[in-house]
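So you can see what is in the structure, the chains are spelled out below.
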Amino acid sequence: MNFIDELNLIVVDTELNIRRISQTLVELLNYQNYEVVGEKLDKILDKPLKDLNDVSSFVAFLKTKNGNLYKGYFKVDKLYDYYNQVRGYLIQFMEFNEVELNDDFIVFNTQNIKMKKLLERASLVAQHDVSVLISGETGTGKSKLAKWIHINSKRSRNKFVSVNCSAIPDTLFESEFFGYEKGAFTGAVSSKPGKVEIADGGTLFLDEVGDLSLTSQAKLLVFVDTKEFERLGANKAKKVDVRIISATNKDLIKEMEKGNFRNDLFYRICAVKIEIPPLRERKEDIPLIVNSILSKKGKRITTRAMQYIISKDWYGNVRELRAFLDAVCIFCNSDFIDLEDLSNEYVNFNHEKDDIEFSEEVLFNEQKRIIEALKRANGNKNKAAKLLGISRVTLWRKIKQYNIEL
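Residues numbered from 1 in each chain as written. Predicted model: local features only at pLDDT ≥ 70, side-chain atom pairs only at ≥ 80, totals over all residues. Heavy atoms only, no water.

A.B. asks: Would you mind showing me how to read a negative patch on the surface here?
C.D. replies: Taken together, the side chains of Asp251, Glu257, Glu275 and Glu281 present a region of like negative charge at the surface. By the element assignment, Glu257 lies in helix 9 (residues 252-258). Classification of Glu257 by relative accessible area gives exposed; the value is 65%. (Patch = residues over 30% accessible without salt bridge, like charges linked within 9 Å, V, L, I, M, F, W, Y side chains within 5 Å. Areas by Shrake-Rupley, 256 points an atom, 1.4 Å probe, with all protein chains shown as cover. Salt bridge = Lys/Arg side-chain N within 4 Å of Asp/Glu carboxyl O. Lys, Arg positive; Asp, Glu negative; His and termini not counted. Charge placed at Lys NZ, Arg CZ, Asp CG, Glu CD. Helix = DSSP H or I, 4+ residues; strand = E, 2+ residues; numbered from the N terminus. Buried < 20%, exposed > 50% of the residue type's maximum accessible area, 1.4 Å probe, protein only.)

In structure tokens:
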């Protein structure tokens, strides 16, 4: 084995075309060497890289031929010619996690323009140590996005510590967040570090931060401001280096107006705000998510069953959709899930005559679905929107987006 294979190296030119790659990496990715060499680096990474000239390292996921993802830390060195001109880059894959991360990030399987822009924004934010507030309905993947930002940041080699703020009462806030010394209170038989201390060097994720009481908010504010804290029972302050990412399904602007959330805390945890759209506003992603979940279970789904799932609003979003599919798979003995396999709780089998059925080709193409629904509704946008399971406003926006002539 040569040093390229031993060190897990990738050699690319200035246009980021792969010129050589370790055989060990080729095998990990389930490719043949000829399928990778000559291709763009983007083919085996989960995010596009435009230039490596000012990059010394980065974090990304290796993307296998069948779509699996592996976390990677990459070191970049420039390759110079005889005239000291940069001719390419030597990229060393320093480590990888054997645990496949597809299930964690299945929520980001997307064809939706808004979601793609959101992920681009998150990629940029990940490279800068600013506080981030992630908002969105329950089940949209707020905690997944927080973890995704952490993994794509320079802090990825350190811990990601999640705290469920809604589960911590005021009386336990300080001991949970800041820890305590032995003898600080009855039952404290030994010292214990708090969440902020465990997260030192990494990311502290405050889930459902909007549920904190005003008392707990005041204590959190001091820490966010100074990154200093004292364990209960200690007389000396400690300082930590953590990045704070918060999430909430509440409208914190309205909560501030009501006096339920502190303005000063809001502006410290919300240097950047990212709002995840609900699943009903990105219905073109439902087939991707459904097929990703079912493929893990060795199942497939018929066109009419998929059509009905797309028509639902899924107010519990991806979490509800996943739980529903898990239940369906338990009771479905066939390799194919059909409409009759869906629970009566979700499906009314007395279909009206004007229910629309799409061919498989149309089902997976949003523009064609909209055109088909408009034809079926004879141009009536209210009826077409109902057939598609979306609002009239969303339909109108999609018509403009695809320049569909009425």
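Next comes the rest of the write-up.
A.B. asks: Hey, could you run me through the sheet that holds strand 10 (residues 203-207) in this one?
C.D. replies: The strands that make up a sheet pair up through hydrogen bonds in the backbone, lying either parallel or antiparallel. Taken together, the five strands give an open sheet; going across it, the order is 7-10-13-6-14, and neighbouring strands pair in parallel fashion. With one partner strand each, in any of the chains shown, strand 7 (160-164) and strand 14 (272-275) form the two edges of the open sheet. Taken pair by pair, the neighbouring strands of this sheet meet at an average axis angle of 20°, ignoring direction. Pairing of strand 10 with strand 13 (residues 243-248), which is carried by four bridges, proceeds in the parallel orientation. Considered in strand 13, the bridge of Leu204 is made with Ile244. Lying on the sheet, helix 5 (residues 142-151) is in contact with strand 6 (132-135), strand 7, strand 10, strand 13 and strand 14; it crosses strand 6 at an angle near 150°. (Pairing = 2+ DSSP bridges. Axes fitted to C-alpha atoms, helices over the stretch in contact; angles between N-to-C directions. Contact = heavy atoms within 4.5 Å.)

A.B. asks: In this structure, what is going on with the nonpolar core? I would like to understand it.
C.D. replies: A general feature of soluble globular proteins is that nonpolar side chains tend to end up buried together. Formed by 49 residues in total, the largest nonpolar core has its most connected members in Ile134, Leu145, Ile149, Val290, Ile309 and Leu321. Here Leu145 is in contact with Phe108, Leu118, Leu119, Ala122, Ile134, Ile274 and Ile276, once residues within four sequence places are set aside. Membership of the second largest hydrophobic core comes to 29 residues, among which are Ile168, Val196, Leu221 and Leu265. (Core = buried A, V, L, I, M, F, W, Y, C linked by side-chain atoms within 4.5 Å.)

A.B. asks: Would you take a moment to explain the pairing of strand 2 (residues 18-21) for this structure?
C.D. replies: If a strand is regular, its side chains alternate between the two faces of the sheet. As defined by bridge partners, strand 1 (residues 9-13) adjoins strand 2 across three bridges and the pair is classed as antiparallel. Its bridge partner being in strand 2, Ile10 is matched across the sheet by Ile21. Two successive antiparallel strands, strand 1 and strand 2, enclose a turn made up of four residues, where Leu16 displays a positive phi of approximately 65°.

A.B. asks: How should the packing of aromatic side chains be read in this particular structure?
C.D. replies: How two aromatic rings sit relative to each other is set out by the distance from centre to centre and by the angle between their planes. Inspection of the entire model under this criterion finds 12 aromatic pairs. Between Phe173 and Phe177, the aromatic rings sit 4.3 Å apart at their centres with planes inclined by 20°, giving stacked as the arrangement. Taken together, the residues Phe173 and Phe177, both in helix 6 (residues 170-178) and four residues apart, mark about one turn of the helix. Look at Phe173 and you get buried, because its relative accessible area is 0%. Ring centres 6.5 Å apart and planes at 75° place the aromatic pair Phe223 and Phe229 in the edge-to-face group. For Phe229, a relative accessible area of 5% translates into the label buried. Taken together, the ring pairs in this structure connect Phe173, Phe177, Phe178, Phe223 and Phe229 into an aromatic cluster. (Phe/Tyr/Trp six-rings, centres within 6.5 Å; stacked < 30°, edge-to-face > 60°.)

Honestly, it's all geometry; don't read function into it.
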